[in-house]
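Residue strings, one per chain:
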Amino acid sequence: MRAGRSGMSKRRYRTPCFVMEQKKLEKNLMRLRSLEKEAGVKIFHTLKSFNEASLLPSIAEKLSGMSVSSMKEIRMAKEAKSEHLHLYAPAFKKEELPQLLSKVDTVSFNSLNQWNTFHAMPSKSSMGLRINPKLPLPIPDYCNPNLSYSRLGVDYMTFVETYKKNREYFSNLEGLHFHALFQSSVEGLRVLVEHIMEHYQAILPQLKWINFGGGHNFSDAGYDVLTFVDLMNLFHEHCPSIELYFEPGESVTKGCGDFITTVLDIVRVEGQNIAILDTSIETHLLDVAIVNQRLKVKNTQAFSTPYFYELAGNSCLQGDSIGEYFFKTPLNIGDEVVFEDMMAYSMVKMTEFNGMERAGTYWIKKGIRNG
Ligand SMILES: Cc1ncc(COP(=O)(O)O)c(C=O)c1O
């Protein structure tokens, strides 16, 4: 097929499709592995960000484990032969938890309610709590777990107070989990480490692990590895018996691949060019829908060019719009439009974010549903 006349990438794939360069994934994994070694920490791949089954064994081989949220993700991690499994979800179902716990090494509960209900459950896995450290970091609201009204994690002041009053209640607490950063340089981690050193001195001696969550820009060339190693060494010196975990998602597949679409039509409405692509936000780009985020589109620039297009989905929803972009060259029907760096979250969100199963369907043939 011909190359797109807009000068964008030559047509090689049946679109819409995600295209990953495995060498780039290997490069990221080697970097993460060397960070583990240099800093004496364990890095887990967060399955909710990327769960392509054929590539998970390679990830499992390089990293120390996987962070999972459901039985489905546990199965995938086990099939890939991942070592350590860490389990976390905002809430667990009572009837499912014993099975989940029998298969993972560590677990964090998200609330004191969940701790209360589950911490005494017989289990071989080491139990922890997710804390909201309320760090004052510049993170967009939609993904900021530090907000005072966030449902993600126990408010750190409530936890510290409750612990002071009733240590017995936390006698089998072995880990704390802080997922508080987002696309962060090492400075975010420094703030988190300082927070832990300041507020948890009474609790640290009983802990076996601390999970520093995701949100670390580990695979950026500019990430300050020396400071990272220093910070971790500081921690090891202070608490030599605590294992330190990280569970990045985005930085595992960062820069490894794109989402490629084709322009099906260009309509001009009230002076605006709208390019209709062979995709739809609701089908392929749910992360765009939830955060209304701007994507990195190849052959575009931030400032004004004459080639200004709204990119729209091929669905019947008026709101199926991927935003307006300035292209460097005109778009034509049949051109490819390439969304860059899309391996994390977009693929998984098409069907199974956080390891959630599809909702079931029941067809009631006779009568009406009770309740
Ligand atoms: C609890 C938890 N851990 C880890 C991650 C991975 O974060 P990131 O992809 O920003 O590294 C997420 C992402 O949402 C998360 O919710």
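Look a little higher up for the structure.
In this report, we go over the structure that sits alongside the text. None of the values given here were measured: they were computed from a predicted structure.

Time to look at the site of the ligand. Near the ligand the following residues occur: Thr46, Lys48, Tyr88, Arg130, His179, Gly214, Gly215, Glu247, Pro248, Gly249, Glu250 and Tyr345. One of the side-chain N or O atoms of Glu247 is found 2.8 Å from a nitrogen atom in the ligand. Glu250 is positioned with one of its backbone polar atoms (N or O) 2.8 Å from an oxygen atom of the ligand. In isolation the ligand exposes 390 Å². Once the protein is present, 87% of that is buried. Tallied by class, the residues present in the shell around the ligand amount to three nonpolar, five polar and four charged.

Relative to the assigned elements, Asp278 resides in the loop between β12 (272–277) and α10 (281–284). Assessed through its relative accessible area of 14%, Asp278 is described here as buried. In terms of polar contacts, Asp278 uses its side chain to reach the backbone amide nitrogen of Thr262, at 2.7 Å. Once you skip the residues sitting within four places of it in the chain, Asp278 turns out to touch Thr15, Pro16, Thr261, Thr262, Leu264 and His284.

Now for helix α7 (residues 186–199). Here α7 spans 20 Å end to end across 14 residues, near enough to the 20 Å set by a 1.5 Å rise per residue. In this structure, the buried residues of α7 make contact with α6 (156–165), β9 (209–211), α8 (225–238) and β10 (243–246).

Criteria and thresholds
- Residues numbered from 1 in each chain as written.
- Predicted model: local features only at pLDDT ≥ 70, side-chain atom pairs only at ≥ 80, totals over all residues.
- Heavy atoms only, no water.
- Near = heavy atom within 4 Å.
- Polar contact = N/O pair within 3.5 Å; in protein donor to acceptor, adjacent residues only side chain to side chain.
- Areas by Shrake-Rupley, 256 points an atom, 1.4 Å probe, with all protein chains shown as cover.
- Nonpolar A, V, L, I, M, F, W, Y, C, P; charged D, E, K, R; others polar.
- Helix = DSSP H or I, 4+ residues; strand = E, 2+ residues; numbered from the N terminus.
- Buried < 20%, exposed > 50% of the residue type's maximum accessible area, 1.4 Å probe, protein only.
- Contact = heavy atoms within 4.5 Å.
- Expected span 1.5 Å × (residues − 1).

Shape descriptors only; they carry no functional weight alone.
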